[in-house]
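Examining the three-dimensional arrangement
Here are the chains, one letter per residue:
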Amino acid sequence: MINILFAATAERWDEYRDLLHGAFAGVDYHLALDIPPQDVDYIVYAPNSEVQDFTPYTRLKAVLNLWAGVEKITGNPTLKVPLARMVDDQGLTQGMVEWVTGHTLRHHLGMDAHIVNPDKAWDAVAAPVASERPVTILGLGTLGQACAAALVSLGFPVTGWSRSQKTVPGVRCLSGPDGLQEALREAQIVILLLPDTPATDNTLNAETLQLPAKGAFVINPGRGPLIDDDALLAALDSGQIGHATLDVFRIEPLPADHPFWDHPKVTVTPHIAAETKASSAVHVIAENIRRSEAGEPLLHLVDRDAGY
Ligand code: NDP
Ligand code: OXD
């Protein structure tokens, strides 16, 4: 019997329970919201769960995260077993591609000028075509590569930046610290899809925000700490950055008195860029439990030293 603890909010339990039972069909298992810690084999986990001390889970074999981001758990010293993050093509990846493409096209086409036009201004200035709008994506992992593919298919010249050197069809791939400078230089749209780790903190700061083309757009569905908030506000006020569309923040929900809320050049979305879809995520969880039981390596294993 495999004991699987569901350690996420009660709301998520309602959403996942039946789907998980379906995905585990044919397996001898017990799935519950409450199992004595010493009996638990696997934890299906959301980092906002009450479970933060893994010490009592003495026979735990793996933690299977329901989120792509693992910054709230990866440094937990009580966690001694493998940790898998979520890669969910139908929910997270598809949702992120749609959100990123939508916000990229909004800025590329200058849609705001026509959606809100109280002066009835007839500014007949057409947007350039996509091939004239260089886009840079910081982070070329699951989500960054999927977004890059969508933007390349629309005709944008896409540069991507990652820790290790990548080869992605149609994308100019750069890596490492020098690669960051080169990736940002003259970009007109900068999209952040990096994880939150000590190495990615303040990737966009007072210095690097000077590298994109004047008036460039910043789109951040990655994590709040990737950007130095004060440096971004200064760059917006000087006109160096034309607009920032931000889905993630250092503190969430974004406090009501944070200057981003009222800034005319900032769009705030409430961490909704992409959401794990239960119906597809349960199969990723079930496959990882199958792999673990068969002694095979887990899918989407987190590198605890790298922090993602
Ligand atoms: P991946 O782990 O697949 O990709 C991360 C990418 O970032 C990789 O290309 C990696 O490089 C690169 N990277 C990591 N550290 C560095 C560094 N120090 N310098 C340069 N590049 C670096 O993650 P995903 O694509 O699945 O997700 C990315 C992030 O998106 C998540 O961590 C999460 O924070 C965020 N997210 C936000 C959501 C939302 O709704 N707003 C929803 C889901 C995810 P390399 O390829 O060399 O490893
Ligand atoms: C995630 C997220 O990490 O929703 O999955 O941000």
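From a predicted model like this one, the values you see are computed outputs, not experimental measurements.

So, the site of ligand 2
Contacts to ligand 2 come from W67, A68, G69, L92, R223, H271 and A274. Interatomic distance of 2.7 Å between a backbone N/O atom of A68 and an oxygen atom of ligand 2. G69 is positioned such that a nitrogen or oxygen atom in its backbone is 2.7 Å from an oxygen atom of ligand 2. Burial of ligand 2 by the protein amounts to 84% of the accessible area it has alone, namely 210 Å². Taken together, the residues that form the shell around ligand 2 break down as four nonpolar, two polar and one charged.

Some words on the sheet that holds strand β3 (residues 42–45)
Taken in spatial order, the five strands of this open sheet run β2-β1-β3-β4-β5, and their pairing is parallel. With partners counted over all chains shown, the strands left at the sheet margins are β2 (29–32) and β5 (83–84), one partner each. Pairing analysis gives two bridges linking strand β4 (residues 62–65) to β5, with the strands arranged parallel. Looking across to β5, one finds that V63 is bridged to L83. Helix α1 (residues 10–23) rests against β1 (2–7) and β2 of the sheet, and its axis sits at about 165° to β2. Running at roughly 160° to β3, helix α8 (residues 278–293) makes contact with β1, β3, β4 and β5 of the sheet.

Side note on the site of ligand 1
Around ligand 1 there are 29 residues in total, and R85, L143, S164, K166 and Y308 lie nearest to it. Within the side chain of S164, an N or O atom sits 2.6 Å from an oxygen atom of ligand 1. Separating a nitrogen atom of ligand 1 from a backbone N or O atom of P221 is a distance of 2.9 Å. Contact with the protein chains removes 92% of the 940 Å² of surface that ligand 1 exposes when unbound. Where the shell around ligand 1 is concerned, the elements lending two or more residues are α2 (89–109), α4 (142–153) and β7 (158–162).

As for the pattern of salt bridges
Any two side chains of opposite charge can pair if their charged atoms end up close together. Within the structure shown, the criterion is met by 15 salt bridges. Between R250 and D201 there is a salt bridge; the shortest N-O distance is 3.9 Å. Of this pair, R250 sits in the loop between β11 (241–246) and α7 (259–262) while D201 is found in the loop between β9 (189–192) and β10 (216–220), placing the two residues 49 residues apart along the sequence. Residue classification places R250 among the partly exposed residues on the basis of a relative accessible area of 39%. Assessed through its relative accessible area of 38%, D201 is described here as partly exposed. Several salt bridges share partner residues, and in doing so they unite D41, R59, K61 and E293 into one network.

Calculation rules
Residues numbered from 1 in each chain as written. Chains lettered and ligands numbered in written order. Predicted model: local features only at pLDDT ≥ 70, side-chain atom pairs only at ≥ 80, totals over all residues. Heavy atoms only, no water. Near = heavy atom within 4 Å. Polar contact = N/O pair within 3.5 Å; in protein donor to acceptor, adjacent residues only side chain to side chain. Areas by Shrake-Rupley, 256 points an atom, 1.4 Å probe, with all protein chains shown as cover. Nonpolar A, V, L, I, M, F, W, Y, C, P; charged D, E, K, R; others polar. Pairing = 2+ DSSP bridges. Helix = DSSP H or I, 4+ residues; strand = E, 2+ residues; numbered from the N terminus. Contact = heavy atoms within 4.5 Å. Axes fitted to C-alpha atoms, helices over the stretch in contact; angles between N-to-C directions. Salt bridge = Lys/Arg side-chain N within 4 Å of Asp/Glu carboxyl O. Buried < 20%, exposed > 50% of the residue type's maximum accessible area, 1.4 Å probe, protein only.

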